[in-house]
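Structural overview
Below, each chain spelled out in residue letters.
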Amino acid sequence: MGHAGVAAPHRAPSTPLHGPPSTVSSGNPAVVTQRSRSGSPLCRHIMPKYARMAEEAVLVCVRGSQMDASDELLRGADPAALLTLDGAIRGLNAAMVTALGKPAEQCLGRDFGEQCVGRDFGELWPENQRMSAETLVAHAARTKTVAMRVLEFPGPGGTPVACLIEAQPVKDPSNDEQLVWVHALDARNDVTSLLIPFRLATEAADLGLWTYSPHEHQLEWLGGLPALVALYPDLTAPLSRVMSAVHPDDREAFRQLLRSASTQQSPWVRFRYLTQQDGSHQLAVQTRRIQLGYGGPERIFGVVRDDTKKAKLKEKAQAALAAERQRAREVADFSSALITAATEQELRQVVLTRLAAAFGATGALLALVDEGRLRVSTDAGIAMWEAGPMHGLPLDHPSPLPEAIRTGKPQFIPDRKDYFHRWPHGAEFPRLARLGSDYAVSMTPLSEAGNQPLGAWVVTYESGYRPSLDEQTLMGTLADLAGQALRRIRLQQARVELATALQKTMLPTLPEHLAGLEVAARYRPSRDGLDIGGDWYDAFVMPDGTVAMEIGDVEGHDVDAAAFMGQVRLSMRLIAAQEPDPATVLMRTNELLVTMEAARFASCTMLHIDPHDGRVAGASAGHVPLLCSRKDGSHSIHELPGGPVLGVVPDTEYREENFTLDEGSALVMVTDGVVEGPGLTLEAGLERAGALAARAFHDGLNAEETADRVLDAAVAVDHLDDVAVLVIRRM
């Protein structure tokens with residue numbers, strides 16, 4: 001808790017130093033009260049142990065044994081010191097030495113005093129009080145006015161003693177030297193004045209302040225932030241009344257905080273506090289024990305912070321994160337189930353049990369094309385009698401669902417007005433005729449324009465809902481997966497062929513016309529096991545204009561590996577849309593996979609490239625290093641920082657590196673199948689692939705031709721693993 005200074009009016013332009021101050025005994029040998037010639041109370045109480053020493057008023061002055069009128073200001077029992085204007089010690093009395101925590105025997109001799117002369121007065125104070133003491137002296141010296149401030153002396157029992165200290169400009173009559181007289185004031189009759197700086201400091205920090213008397217079991221609210229003051233209708237209340245407003249589960253922690261209050265500031269302790277005005281508040285308190293003047297009462301000071309809003313924001317953020325994780329899990333499960341569906345019945349089951357839940361919709365409908373007509377099935381959110389008018393519709397019917405399937409273009413109908421405007425025959429369909437009063441409808445075809453019409457799914461939302469662009473893109477990706485599965489199912493191809501085709505479908509189409517960049521990708525499946533694998537790549541434009549590039553490898557060569565690959569890639573796309581850097585995307589993807597308790601792991605490298613200036617941010621999760629090839633034919637191996645593979649180690653933080661890709665240079669991202677195989681070590685494979693790419697660029701080949709050269713060389717070495725290559729060249 002900081003202490004504020006109080007500047008007092010200057011009582012005299014120059015205080016005479018002649019004549020001893022009058023001394024009035026208090027009747028207590030440990031208490032001496034002195035009054036100056038003007039009658040101002042100078043000071044105060046010295047502990048019984050030092051009463052004799054205080055009466056003797058041992059003086060230590062810069063002039064050695066020579067005494068003059070300035071010594072009179074140091075004769076009293078109160079802590080006092082004479083300083084130069086820059087804070088150097090000219091003299092100080094035994095009471096000041098003792099109050100600052102120096103041994104008594106040092107005060108009775110001259111050795112310690114002689115050591116102090118000329119030293120900076122602030123150096124004698126505890127470190128946490130040093131600046132306050134120095135600024136007090138500096139203010140009085142600079143403004144030539146009396147200044148006051150509450151400072152803390154080290155207490156005899158370890159409890160700091162808060163005293164009101166005055167700094168007053170004076171003049172040495174022997175040589176007219178300007179000095180500053182620093183001495184403690186008697187505040188016994190006005191203890192509350194010692195509390196003012198504490199209250200002002202807490203108000204400035206938007207906190208609240210109370211004191212607690214352990215002997216009286218009384219809590220007094222001193223003030224602070226108005227919103228906090230309003231929590232305590234009674235400024236003074238017994239502890240029992242305050243405790244009754246504390247949540248029962250938090251009362252013992254609050255009692256323990258008061259019982260264990262020490263001279264050092266405690267950690268923040270949080271508890272719930274119930275008010276009659278606005279319900280429960282989440283408060284945090286720090287405590288510290290302070291004595292108010294020598295011989296004065298001990299109080300436990302409590303600083304209060306209202307964390308209610310912060311706690312609610314944290315709860316909201318945690319709920320949003322939990323919802324996001326749940327949705328990512330549902331989407332991952334959905335994509336995995338689409339990949340592994342082997343029959344139309346399985347496909348219908350996957351769509352109708354997972355589609356609405358994955359997108360927070362109220363219902364789902366699946367319409368498949370059979371001999372030019374629609375076969376409709378629904379989940380529990382849409383009754384079959386409502387979907388009945390759509391069943392058996394021909395593809396050329398002038399209504400939204402056949403049109404979406406026929407053209408390969410998604411349809412979104414926000415309200416009834418839009419529906420009737422675009423499809424005048426809409427009254428024939430009672431479910432759709434209620435648009436706007438109940439819900440909105442999204443229709444996504446399972447195949448793109450130009451391909452054989454397969455069908456579409458319909459999702460209904462609460463009225464007024466509009467899916468985001470990311471949601472529409474994700475839904476289109478999943479619909480494409482479902483369409484690919486349906487196409488393979490209808491052709492009655494083998495399970496391996498279906499899985500391979502779906503895996504290829506999951507590898508994205510690279511963005512076209514990237515200004516300043518040339519991008520190419522290649523993939524070839526494994527020739528081992530089920531002839532499929534878990535290698536993948538991805539490239540997409542981020543909202544800030546940078547281009548995200550990723551390449552990865554899932555453990556295994558089977559249908560489960562391909563399914564897991566789909567989960568990882570789609571999860572990273574979802575997370576990347578919300579996170580600004582590759583390291584965070586890897587961290588959150590790892591958290592998701594660990595939470596899913598997946599039986600497999602994946603390695604991955606992710607880059608963000610600014611096409612304008614070539615700046616690259618990259619991180620790796622246990623993946624093989626990058627290859628950097630230059631137009632002059634040189635190349636290098638670039639190993640990114642990062643962390644372990646995804647899905648194994650919980651709470652992993654991945655490190656990130658930033659570098660610049662020069663114009664004409666290229667980054668080549670590969671999976672281990674490209675650079676490692678029978679008779680080929682990883683180091684040798686990286687060197688060979690880097691040299692091939694560098695030679696290709698030096699020969700004038702573009703990114704597509706370079707990717708082919710690297711891939712063909714890997715296949716020629718009889719690699720069994722699936723392989724992927726992603727080439728990014730800065731133009």
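So, how was this worked out
- Residues numbered from 1 in each chain as written.
- Predicted model: local features only at pLDDT ≥ 70, side-chain atom pairs only at ≥ 80, totals over all residues.
- Heavy atoms only, no water.
- Helix = DSSP H or I, 4+ residues; strand = E, 2+ residues; numbered from the N terminus.
- Buried < 20%, exposed > 50% of the residue type's maximum accessible area, 1.4 Å probe, protein only.
- Contact = heavy atoms within 4.5 Å.
- Areas by Shrake-Rupley, 256 points an atom, 1.4 Å probe, with all protein chains shown as cover.
- Arc of directions from axis to C-beta.
- Phe/Tyr/Trp six-rings, centres within 6.5 Å; stacked < 30°, edge-to-face > 60°.
- Lys NZ or Arg CZ within 6 Å of the ring centre and 35° of its normal.
- Core = buried A, V, L, I, M, F, W, Y, C linked by side-chain atoms within 4.5 Å.
- pLDDT = per-residue confidence, 0-100.
- Pairing = 2+ DSSP bridges.
- Axes fitted to C-alpha atoms, helices over the stretch in contact; angles between N-to-C directions.
- Parallel < 35°, antiparallel > 145°, perpendicular 65-115°, else oblique.
- Left-handed = near helix turned anticlockwise from the far one by under 90°.
- Nonpolar A, V, L, I, M, F, W, Y, C, P; charged D, E, K, R; others polar.
- Salt bridge = Lys/Arg side-chain N within 4 Å of Asp/Glu carboxyl O.

1. Side note on the overall build of the protein
Assigned secondary structure in the protein consists of 22 helices and 31 strands. Per-residue burial over the protein gives 53% buried out of 731 residues. Long-range contacts, defined here as pairs at least 24 residues apart, represent 61% of the contacts in the protein between residues at least 6 apart. Just so you have it, the protein exposes about 32,000 Å², and 52% of that area is on carbon and sulfur atoms.

2. Structural notes on helix α6 (residues 196-204)
Every buried residue belonging to α6 is among Pro-197, Phe-198 and Thr-202, and all of these are buried. Seen along its axis, α6 keeps its buried residues to an arc of 130 degrees; they face one direction. Tucked inside the fold, the buried residues of α6 contact β7 (147-153), β10 (208-213), β11 (218-224), β14 (279-292) and β15 (298-306). Positioned one or two residues after α6, Asp-206 has a phi angle of 60 degrees, which is positive.

3. Comments concerning unusual backbone geometry
Of note in the backbone geometry, Lys-144 takes a positive phi value of approximately 55 degrees without being a glycine. With respect to the element layout, Lys-144 can be found in the loop between α5 (127-143) and β7. Using a relative accessible area of 40% as the deciding quantity, one classes Lys-144 as partly exposed. You will see that Asp-651, though not glycine, has its phi angle at about 55 degrees, which is positive. By the element assignment, Asp-651 lies in the loop between β28 (642-643) and β29 (657-660). Residue classification places Asp-651 among the exposed positions, given a relative accessible area of 71%.

4. Here's the deal with the packing of aromatic side chains
Applying the stated criterion to the full structure yields eight aromatic pairs. Look at Phe-198 and Phe-301: their rings are 4.7 Å apart centre to centre, the planes differ by 45 degrees, and that puts the pair in the tilted class. Separated by 103 residues along the polypeptide, Phe-198 in helix α6 and Phe-301 in strand β15 bring together distant segments of the chain. Here Phe-198 matches Phe-301 in class, with each residue buried. Centroid distance Tyr-461 to Tyr-465: 4.5 Å. Interplanar angle 25 degrees. Geometry classified as stacked. Sitting over the face of the ring of Trp-268, Arg-305 holds its NZ or CZ atom 4.2 Å from the ring centroid.

5. Focus on the nonpolar core
In a soluble, globular protein the nonpolar side chains are often hidden away together inside. The biggest cluster of nonpolar side chains holds 52 residues, and the ones touching the most others in it are Trp-536, Tyr-537, Met-549, Leu-607 and Leu-726. If one sorts the elements of this core by residue count, helix α18 (residues 559-576) sits on top with seven residues. Excluding anything up to four places from it in sequence, Tyr-537 contacts Leu-507, Pro-508, Leu-510, Ala-521, Arg-522, Tyr-523, Glu-550, Ile-551, Arg-569, Ala-724 and Leu-726. Judged by nonpolar contacts, the second largest core, of 30 residues, contains Leu-352, Ala-356, Ala-485 and Leu-486.

6. Points about the confidence of the model for the protein
Here the protein averages 78 in pLDDT, while 82% of its residues score no lower than 70. Low pLDDT, under 50, characterises residues 1-67; the stretch is placed with 176 contacts to residues that sit more than four places away or in other chains. Across residues 106-111, confidence stays below pLDDT 50; counting only partners more than four residues off in sequence or on other chains, it has 14 contacts.

7. Some details on the sheet that holds strand β19 (residues 439-445)
Across the sheet, which stays open at both edges, the five strands sit in the order β17-β16-β20-β19-β18 with antiparallel pairing between neighbours. The strands lining the two open edges of the sheet, one partner per strand, are β17 (373-378) and β18 (411-413). Adjacent strand axes in the sheet meet at a mean angle of 15 degrees, parallel and antiparallel pairs treated alike. Bridge count for β18 against β19 is three bridges, and the pairing is antiparallel. In the sheet register, Ile-413 faces β19, and the bridge partner there is Val-441. Relative to the sheet, helix α11 (residues 344-358) contacts β16 (363-370), β17 and β20 (455-462), its axis offset from that of β16 by approximately 155 degrees. Across the sheet, helix α16 (residues 469-490) is in contact with β16, β17, β19 and β20; its angle to β20 comes to roughly 145 degrees.

8. With respect to the packing of helix α10 (residues 308-340) against helix α19 (residues 582-596)
In a pair of packed helices, the angle between the axes and the distance between the axes together describe the arrangement. Contact geometry for α10 and α19: axes closest at 11 Å, N-to-C directions at 70 degrees. What the angle tells us is that α10 and α19 run roughly perpendicular. Between α10 and α19 the crossing geometry is right-handed. Packed against α10, whose contacting residues are Leu-321, Glu-324, Arg-325, Ala-328, Arg-329 and Ala-332, the element α19 presents Arg-588, Glu-591, Leu-592, Thr-595 and Met-596 at the interface. Grouping the amino acids of the contact of α10 with α19 by side-chain chemistry returns five nonpolar, one polar and five charged.

9. Some remarks on the pattern of salt bridges
Per the stated rule, a full pass over the model turns up 26 salt bridges. Across the pair Glu-177 and Arg-90 runs a salt bridge, and its minimum N-O distance is 2.2 Å. Residue Glu-177 is found in strand β9 (residues 177-184), and its partner Arg-90 is found in strand β6 (residues 89-93); the two are separated by 87 residues along the sequence. For Glu-177, a relative accessible area of 25% corresponds to the partly exposed category.

10. A closer look at the side chain of Asp-307
Relative to the assigned elements, Asp-307 resides in the loop between β15 and α10. On the basis of relative accessibility, which here comes to 5%, the residue Asp-307 falls in the buried class. Apart from the residues lying within four places of it in its own chain, the contact partners of Asp-307 are Arg-270, Gln-282 and Ala-284.

11. Points about the pairing of strand β5 (residues 80-84)
Among the five residues that make up β5, five are buried, leaving the element largely enclosed by the rest of the structure. Going residue by residue along β5, you find Ala-80, Leu-82 and Thr-84 tucked away on one face and Ala-81 and Leu-83 tucked away on the opposite face as well. Here β5 pairs with β9 via five bridges, running antiparallel. When the sheet's bridge partners are listed, Thr-84 is paired in β9 with Leu-179. Bridge analysis of β5 against β6 gives three bridges, and the strand direction is antiparallel. Paired with Leu-82 across the strands is Gly-91, a residue of β6. Between β5 and β6, which follow one another and run antiparallel, lie four residues, and Gly-87 among them has a positive phi close to 90 degrees.

12. Observations regarding the sheet that holds strand β21 (residues 517-524)
Taken in spatial order, the five strands make up an open sheet running β21-β31-β30-β26-β27, and their pairing is antiparallel. Unpaired on one side and paired on the other, β21 and β27 (635-638) mark the two borders of the sheet. For this sheet the average axis-to-axis angle between neighbouring strands, irrespective of direction, equals 20 degrees. As paired elements, β21 and strand β31 (residues 723-730) share eight bridges and run antiparallel to each other. Residue pairing across strands places Val-519 opposite Ile-728, the latter belonging to β31. Here helix α21 (residues 682-698) sits on the sheet and contacts β26 (626-629), β27, β30 (666-670) and β31; the angle it forms with β26, its principal contact strand, is near 30 degrees.

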